[in-house]
Structures are given as structure tokens and as C-alpha cells.
Amino acid sequence: MNHLVLVITEQRDGALRQVSLEAVAAARLIAGDGGTVVALVAGSEAASHIAMLTAAGADRIAFAADPVPELSAHTERHLRAAAEAVRQIRPTAVVLGHTASGKDMAPRLAAQLGAGQLSDVIQIERSGDSVSFTRPIYAGKAFEKRSFSKLPWVVTIRPNNFKPAAPYENAADAPATDVTVETVTAPDVPLRTIVKQIAKRTSGKTDLSEAKIVVSGGRGVAGSDGFKPLEQLAEALGGAVGASRGACDAGYCDYSMQIGQTGKVVTPELYIACGISGAIQHLAGMSGSRIIVAINKDPEAPIFKVADYGIVGDLFEIVPLLAEEFKRLKS
Ligand code: FAD
């Protein structure tokens, strides 16, 4: 069976989020060779994202004429548009990023559709007509493989696990294509919640859950100033800064940076753990990283059991040296 898959895309500061291009790649896997992928984009800047989405594998684009392009904190508004898109397009599957907004939207949409939902999917396999989905369970200690017994399906995908066909850094680099564009107009029903203000607490340029490189600090950083060398290393590498709960609980950084069982789950290409012991709850949020580097002055620290590379030593000596060296290599 070929599927008609709807991808609900997300934007941040006017740019498409990388996870939305990955969702298109995941949707392509579900759709199969003869299937169709439709990307739903919201807001007045939506036209500028067509080339990126088609390059990533979308066959059709649906515009939600909504003045608020960011999904974040506006779930109810976007849910109206998404539900209308489903009514109009009649997809057999819907794919979203497993982001704060995607996690908020997916179960509401699934409930409206009477559909089954699978969250945090990391792998999709097609064998003939059957499609199976793999996702971590028990805080990443095991994996389960599932498939749906009835249509439609709602799926959220974990960032950094599906590779878009043609990932472009900038919209301007993606070649223009001829693609069918349809408009979705959400019914003008009153909203139950109105967002008056969004106060951003983090200023990092790279989103933690989508970052290809994450430099994380634990209680070993010994204070908020201890994060400065980590920020410099992350900047030199073009990565984001994360933290253990130990560092957050100690008041060294904001909880929005917490990685782990009760924080964010990250799967970057490179994870550098600085002054983090490697508690099981922390590993739940980062053990899927491709390469793990641990810097810790205790050679017995459990983090070394999961690390691909371990450096035994003082982070305050090692991290600045690494930052300096990566800066030198870049220049
Ligand atoms: P510590 O365990 O104190 O380790 C600090 C490390 O820094 C040590 O290994 C030490 O050798 C090293 N160090 C010290 N100084 C230096 C230096 N100068 N240079 C190099 N190394 C140095 N934790 C999370 O991270 N994320 C979660 O989501 C999470 N959820 C939890 C949920 C529950 C229900 C519970 C019970 C706990 C949870 N925790 C979580 C807490 C977790 O159990 C640990 O307490 C926490 O991860 C420890 O943080 P840490 O590694 O920074 O601190």
C-alpha cells in the first residue's frame, strides 16, 4: 500500500526547523515509492520554504494561512489548521517532530482523528506493505518495534535520526521546483487559550535537541562561571551547551538545558560530557549520541563506560585547550 503522508512542519525565527526536514524524510519512508508526501507550512513566510521542503522529499505543499508561523506555544491555533489539513487532504499518516510543540500537538490531533499514535520514533522500516516503527522505551534501556493495526497513523520522530534527501543550510541554496501548492484555511472558532507573551529563557543560537554537537556540563563545572569555557568550546564547534540535572539543581544553569530522563533527549553526532559522573538518568538523555567524549577527573566515573573517548583530567585545563585548538583549526 502506498501512503499519503502529511508532515506538520515547524519554524523558528522565520526559518524551517531541521527536524521538519527530517520529518519529511521519515514521511518518505512511510509513503513508499508510489506514495505522496504533503508538507503543511504556516504563516506569511511559508512560500520561502517550498524549495527546502521539496528538496527534502515533499511532493505537495499545503499553506496554512495563519499569521503565527511558530508552532511553539500556539498549539491550539495550529491544531485547528492541522485538523483542517487532515480533513482536506485525507492522509493515511501524519508525521511531526518529537519536539516540545510536536509532543503537545500529536496526541491532541490523534484524539481528534480517533487515530493511533507512536512517539519518539527513531527508525522506520518498510517490508512490502507493512511499515514498522522502532522507538526507545524504559528511558532508552530497551527498544520496541510496533506497527499500526488501523489507519490513520500519527507519528512523532526524534530529531537527528532521519536524514533528509538533500539537506540545505539555507533556503536560498535549495533549487526551485514546480510543486502543487494548496491552501488550508482553519475554521475561525474561538480559541480557549490566548498566548499574550513568550519569554525566552535561553539565548543559544543552536537548538539543543537538534544540535549536531553538544557540550554538556555537570556539577564538576562548580558554578555558573564554570560554563563559560564550555560555551567557548561549543561556539568553536558550532554546537549547543547542555547540562546534567546535578548542574541545574545546583543553580549553575537553567533547567531548559537539562539532558536526561527528566530533561531533553539528544542524539547529536558528538556529545562532550564535562564534569558529569554518568548517572543512569543522565545516560537516558544522551546515550544515543554517535560519539561520546567524557572529561572527568575521576578515572572510575561511570560516564567512561559509555564514552568512546575518555579524558581523565581537570575540565578547567582541558576544555579551554580544546576550544583554542578548534578555533585555530577553523581560522
Ligand atoms: P555528580 O554525580 O556530582 O558528578 C560530578 C562529576 O564531576 C564527578 O564525576 C566528578 O569526578 C567530576 N568533576 C568534578 N570536578 C571536576 C573537574 N574540575 N574536572 C573534571 N571532572 C570533575 N540527572 C540528569 O543529568 N538528567 C536527568 O534528566 C535526571 N533525571 C533524574 C530523575 C530522577 C527520578 C532521579 C532520581 C534523578 C535524576 N537525575 C537526572 C539525577 C542523577 O541521578 C544524578 O544525580 C545527576 O545526573 C548527577 O549530575 P552530575 O553528574 O553533574 O553530578
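Placed above this text is the structure.
Each value, and the rule that gives it
Residues numbered from 1 in each chain as written. Predicted model: local features only at pLDDT ≥ 70, side-chain atom pairs only at ≥ 80, totals over all residues. Heavy atoms only, no water. Helix = DSSP H or I, 4+ residues; strand = E, 2+ residues; numbered from the N terminus. Rg over C-alpha atoms; globule rule 2.2 N^0.38 Å. Buried < 20%, exposed > 50% of the residue type's maximum accessible area, 1.4 Å probe, protein only. Contact = heavy atoms within 4.5 Å. Areas by Shrake-Rupley, 256 points an atom, 1.4 Å probe, with all protein chains shown as cover. Lys, Arg positive; Asp, Glu negative; His and termini not counted. Charge placed at Lys NZ, Arg CZ, Asp CG, Glu CD. Salt bridge = Lys/Arg side-chain N within 4 Å of Asp/Glu carboxyl O. Pairing = 2+ DSSP bridges. Axes fitted to C-alpha atoms, helices over the stretch in contact; angles between N-to-C directions. Parallel < 35°, antiparallel > 145°, perpendicular 65-115°, else oblique. Left-handed = near helix turned anticlockwise from the far one by under 90°. Near = heavy atom within 4 Å. Polar contact = N/O pair within 3.5 Å; in protein donor to acceptor, adjacent residues only side chain to side chain. Nonpolar A, V, L, I, M, F, W, Y, C, P; charged D, E, K, R; others polar.

As a further point, take the overall build of the chain. Scanning the chain from terminus to terminus reveals nine helices and 17 strands. Taken against the 2.2 N^0.38 rule, which gives 20 Å for 331 residues, the C-alpha radius of gyration of the chain at 21 Å falls within 12% of a compact globule. The dimensions of the chain, computed from C-alpha atoms along their principal axes, are 60 × 40 × 40 Å. Buried positions account for 53% of the 331 residues belonging to the chain. Restricting the contact set of the chain to residue pairs at least 6 apart, pairs at least 24 apart contribute 64%. With an accessible surface of roughly 16000 Å², the chain has 50% of that area assigned to carbon and sulfur atoms. Side chains of the chain carry 34 positive and 35 negative charges; the gap between the two charge centres is 5 Å.

Side-chain pairs of opposite charge can arise where the charged atoms are in close proximity. Across all of its chains, the model carries 15 salt bridges by this definition. Residue Arg 28 is joined to Asp 59 by a salt bridge in which the shortest nitrogen-to-oxygen separation is 3.0 Å. On the criterion of sequence distance, the pair formed by Arg 28 in helix α1 (residues 18–31) and Asp 59 in the loop between α2 (50–56) and β5 (60–64) is long-range, its members being 31 residues apart. Under the relative-accessibility criterion, Arg 28 is labelled partly exposed at 25%. Arg 60 serves as the salt-bridge partner of Glu 182, at 3.0 Å between the closest nitrogen and oxygen. In this pair, Glu 182 sits in strand β12 (residues 180–184) while Arg 60 sits in strand β5, placing the two residues 122 residues apart along the sequence.

Okay, the sheet that holds strand β17 (residues 309–312) next. Read from one edge of the open sheet, five strands run β14-β13-β15-β16-β17, paired in parallel fashion. If you trace the sheet from one side to the other, it starts and ends with β14 (240–243) and β17, each paired once. Direction aside, neighbouring strands of the sheet carry axes that sit 20° apart on average. Across five bridges, the pairing between strand β13 (residues 213–217) and strand β15 (residues 270–274) is parallel. Residue pairing in the sheet places Gly 217 in a bridge with Cys 274 of β15. Against the sheet, helix α5 (residues 228–237) contacts β13, β14 and β15, and its axis sits at roughly 175° relative to β13. Most of the contacts of helix α9 (residues 315–330) go to strand β16 (residues 291–296), to which it runs at about 135°, and overall it touches β15, β16 and β17.

The buried fraction of strand β1 (residues 4–8) amounts to five of the five residues, a majority that puts the element mostly inside the structure. Residues Leu 4, Leu 6 and Ile 8 of β1 are buried on one face, and the alternating residues Val 5 and Val 7, pointing to the opposite face, are buried as well. Pairing between β1 and strand β6 (residues 93–97): three bridges, direction parallel. When the sheet's bridge partners are listed, Val 7 is paired in β6 with Val 95.

We now examine the packing of helix α3 (residues 75–89) against helix α4 (residues 100–113). What describes two packed helices is the angle between their axes and the distance between those same axes. Two elements in contact, α3 and α4, have axes separated by 10 Å at closest approach and are oriented at 45°. By the angle between their directions, the pair α3 and α4 is classed as oblique. Here α3 runs over α4; the crossing is right-handed. Along the contact surface, α3 presents Thr 75, His 78, Leu 79, Ala 82, Ala 83 and Val 86, while α4 presents Asp 104, Met 105, Arg 108, Leu 109, Gln 112 and Leu 113.

Packing of α5 against α9 leaves a shortest axis separation of 9 Å and a crossing angle of 25°. The angle between α5 and α9 places the two elements in the roughly parallel class. Crossing angle aside, the handedness with which α5 passes α9 is left-handed. In this structure, α5 uses Pro 229, Leu 230, Gln 232, Leu 233, Glu 235, Ala 236 and Leu 237 to contact α9, whose residues at the interface are Leu 315, Phe 316, Val 319, Pro 320, Leu 322, Ala 323, Phe 326, Lys 327 and Lys 330.

Moving on to the site of the ligand. In the vicinity of the ligand, 25 residues are found, and the nearest of them are Arg 219, Ser 244, Thr 262, Ser 277 and Asn 296. At a separation of 3.0 Å, an oxygen atom of the ligand approaches a polar backbone atom of Gln 261. At 3.2 Å, a backbone N or O of Lys 297 approaches a nitrogen atom of the ligand. Starting from 1000 Å² of accessible surface for the ligand in isolation, the protein chains cover 75%. Of all the elements in the fold, those that place two or more residues in the shell around the ligand are α6 (245–249), α7 (280–283) and α9. Split into classes, the residues belonging to the shell around the ligand amount to five nonpolar, 15 polar and five charged.

Spatially, β7-β11-β6-β1-β4-β5-β12 is the arrangement adopted by the seven strands of the open sheet, whose pairing is parallel. Among the strands making up the open sheet, the edge pair consists of β7 (116–121) and β12. Adjacent strand axes in the sheet meet at a mean angle of 20° when their direction is disregarded. For strand β4 (residues 36–42) and β5, the ladder comprises five bridges, and the chain directions are parallel. Bridging from a neighbouring strand, Val 41 pairs with Phe 63 of β5. Along the sheet, α1 makes contact with β1, β4, β6 and β11 (153–157), crossing β1 at roughly 170°.

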